[in-house]
Amino acid sequence: MVTNKSLTALENSQMALTLTVDAASIEEAYKAKINKYAKEIQMKGFRKGKAPISVIESKFGSAIREESTFDLMESSLKETIETLDEKDKPLQFSTPVLQNEESLLPFKKDSDITFTVHYDVKPSFDLPQYTGLEVKYNTTEVADSDVDAEIEKLREQNAVVLTKDAKVANGDIVTCNYVELDSEGNEVPGTSRKDFTFTVGSSYNFYGFDEDIIGMAKGEEKKFEKTYAEDYANPDYKGKTITLIVNVTEVKERQLPEVDDEFAQDVKEEYKTVEDMKNGIKANLQKEVDEMVDNVKKEAIVNALNEATTLTIPASMIEFELESSWRDYVRQTGLTEDQILNYFKQSGMSKESFIEGWREPATKNLKNQLILEAIQKKENFEVDEKALEEELNKNIKEDTDEATKDYYRNVLRDNMQYAKVLPFLLEKNTFTVEKVLPRAEFLASINRY
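Here the structure is a predicted model, which is why all the values come from computation and not from measurement. (Residues numbered from 1 in each chain as written. Predicted model: local features only at pLDDT ≥ 70, side-chain atom pairs only at ≥ 80, totals over all residues. Heavy atoms only, no water.)

Some words on the overall build of the protein
Looking only at helices and strands, the protein has 15 helices and 11 strands in total. What you see for the protein is a C-alpha radius of gyration of 36 Å, clearly larger than the 22 Å of a compact globule of 449 residues, by over 25%. Each of the three principal axes of the protein carries a C-alpha extent, and together these read 105 × 65 × 50 Å. By the burial criterion, 35% of the 449 residues in the protein qualify as buried. Just so you have it, the protein exposes about 28200 Å², and 46% of that area is on carbon and sulfur atoms. Across the protein, the 59 positively charged side chains and the 88 negatively charged ones have centroids separated by 7 Å. (Helix = DSSP H or I, 4+ residues; strand = E, 2+ residues; numbered from the N terminus. Rg over C-alpha atoms; globule rule 2.2 N^0.38 Å. Buried < 20%, exposed > 50% of the residue type's maximum accessible area, 1.4 Å probe, protein only. Areas by Shrake-Rupley, 256 points an atom, 1.4 Å probe, with all protein chains shown as cover. Lys, Arg positive; Asp, Glu negative; His and termini not counted. Charge placed at Lys NZ, Arg CZ, Asp CG, Glu CD.)

Structure follows, in structure tokens:
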């Protein structure tokens, strides 16, 4: 069938596969196809399946030859691909594309066919040095101020809300009635609110009158003008001066508990004193920092390897990753894809423009993954076979056939080996602190994406 094949590596992790299919196989496929149609076609003047082959050929021969030849080319391609080395096979999401199809047509009788397809392959690249490197990273330390900030959060969580007889102050919880007046002093329809409750200073009210009611008392009503800046967020009020009437109906304040031993015991039973609580909070914060720093080190070594590696990610691999991320996004929103696309359309966006921002990080992540997989393959980490079998038995049914077991066993072994790559890199490289950042700055730096 295939009398000749050749492989040529192209740029951007593409491969060109050229095949020659012999004339005899082509003619055999043509005859089989035309005989098949001869049994099925009903032509005028003939009963179904009784039209002579010569009549069918004269009317449909060219189209049947084209169909049978393309079918043979496709089956020849599939069979040939199965015989290729793994490194030369198409990626699972890369469809081979026939080149210069128009130059092949029309197919001629008793002639060999030579055709070429292009497809993406898993990138081949040289690993850079990945052990014995000195890698710099940023870290942080848990300061007393961080512990104090956590204690303040706990005080807020345990605050008691009490009615207040004094005047409104920043941070108080106020219930009020308000309405906007027009230039003649009449209420503007649709602007009246009754029993509206908010925390002063939060600006959680439509008119932003937090500062205007500070100093008012329960039962007090105040009429005042309010002018909005030209850059005010609500376009209907930019540069506009309005009149409001606000009536305060209730004032409450949040009373925070004192930081004493009793408070510490309320926070956690094992805390007996304030000092116990501070030490516990500091230990928890330090544990969080240690975990974050561990991830920062991993990111630092992977970034270093990424920069030292020359590697082009195939377009089909990137598109597959973007499509996978899109499906995850749709699932997380709880909406249907049509609902999201309809919203995009109303907002002047498209799916393509929305996911374009994912392209660069997706490309980087794929490159990182390929580098780590190459290290995994080169190091061929040992796997605890007993642990592997225990994990396998947890995830498959008892009556699973051996072939399926072997498949999942190999998948699990691969996953367990891959999980060893980053710990290996942490162990085999030297990490040096570049900067010790305040905790807030450190958190901002690791959450930048």
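Digging into the packing of helix α8 (residues 315-333) against helix α11 (residues 359-379)
Two elements in contact, α8 and α11, have axes separated by 10 Å at closest approach and are oriented at 115 degrees. Of the possible angle classes, the one that applies to α8 and α11 is roughly perpendicular. By crossing handedness, the relation of α8 to α11 is classed as right-handed. The residues of α11 that touch α8, namely those facing M317, I318, E319, E321 and L322, are R359, A362, T363, L366 and L370. (Axes fitted to C-alpha atoms, helices over the stretch in contact; angles between N-to-C directions. Parallel < 35°, antiparallel > 145°, perpendicular 65-115°, else oblique. Left-handed = near helix turned anticlockwise from the far one by under 90°. Contact = heavy atoms within 4.5 Å.)

Side note on the packing of α11 against helix α14 (residues 421-428)
Their axes nearest at 10 Å, the elements α11 and α14 cross at an angle of 80 degrees. One finds that α11 runs roughly perpendicular with respect to α14. Of the residues in α14, those touching α11 at L372, I375, Q376 and E379 are V421, L422, F424 and L425.

Details of the pattern of salt bridges
Side chains that differ in charge, positive against negative, can pair when their charged atoms come close. Applying the stated rule across the entire model yields 24 salt bridges. Across the salt bridge formed by K405 and E402, the nearest N and O atoms sit 3.9 Å from each other. Residue K405 and its partner E402 are located together in helix α13 (residues 402-418), separated by 3 residues, close to a single helical turn. Its relative accessible area of 18% is what places K405 among the buried residues. A single network of salt bridges, built from pairs that share partners, joins K33, E67 and D71. (Salt bridge = Lys/Arg side-chain N within 4 Å of Asp/Glu carboxyl O.)

Topic: the side chain of N368
Relative to the helices and strands, N368 is located in helix α11. Apart from the residues within four sequence positions on either side, N368 is in contact with V302 and N306.

Examining the nonpolar core
Among the nonpolar cores identified, the biggest contains 47 residues, and M277, I281, I301, L305, I313, I375 and L425 are the most heavily contacted of them. Here this core gets 12 residues from one element, more than from any other, and that element is helix α7 (residues 274-308). In contact with I313, not counting residues within four places along its chain, are I318, T363, L366, K367 and L370. The next biggest cluster of nonpolar side chains, apart from the first, holds 19 residues, and it includes Y178, Y207, Y228 and V251. (Core = buried A, V, L, I, M, F, W, Y, C linked by side-chain atoms within 4.5 Å.)

Focus: the sheet that holds strand β2 (residues 14-21)
Taken in spatial order, the 4 strands make up an open sheet running β1-β2-β4-β3, and their pairing is antiparallel. In this open sheet, the two edge strands, each paired with only one partner strand, are β1 (2-10) and β3 (97-98). Note that β1 and β2 share 8 bridges and pair antiparallel. From the neighbouring strand, L10 faces β2, where its bridge partner is Q14. Along the sheet face, helix α2 (residues 53-83) touches β1, β2, β3 and β4 (113-120) and points at about 125 degrees away from the line of β2. (Pairing = 2+ DSSP bridges.)

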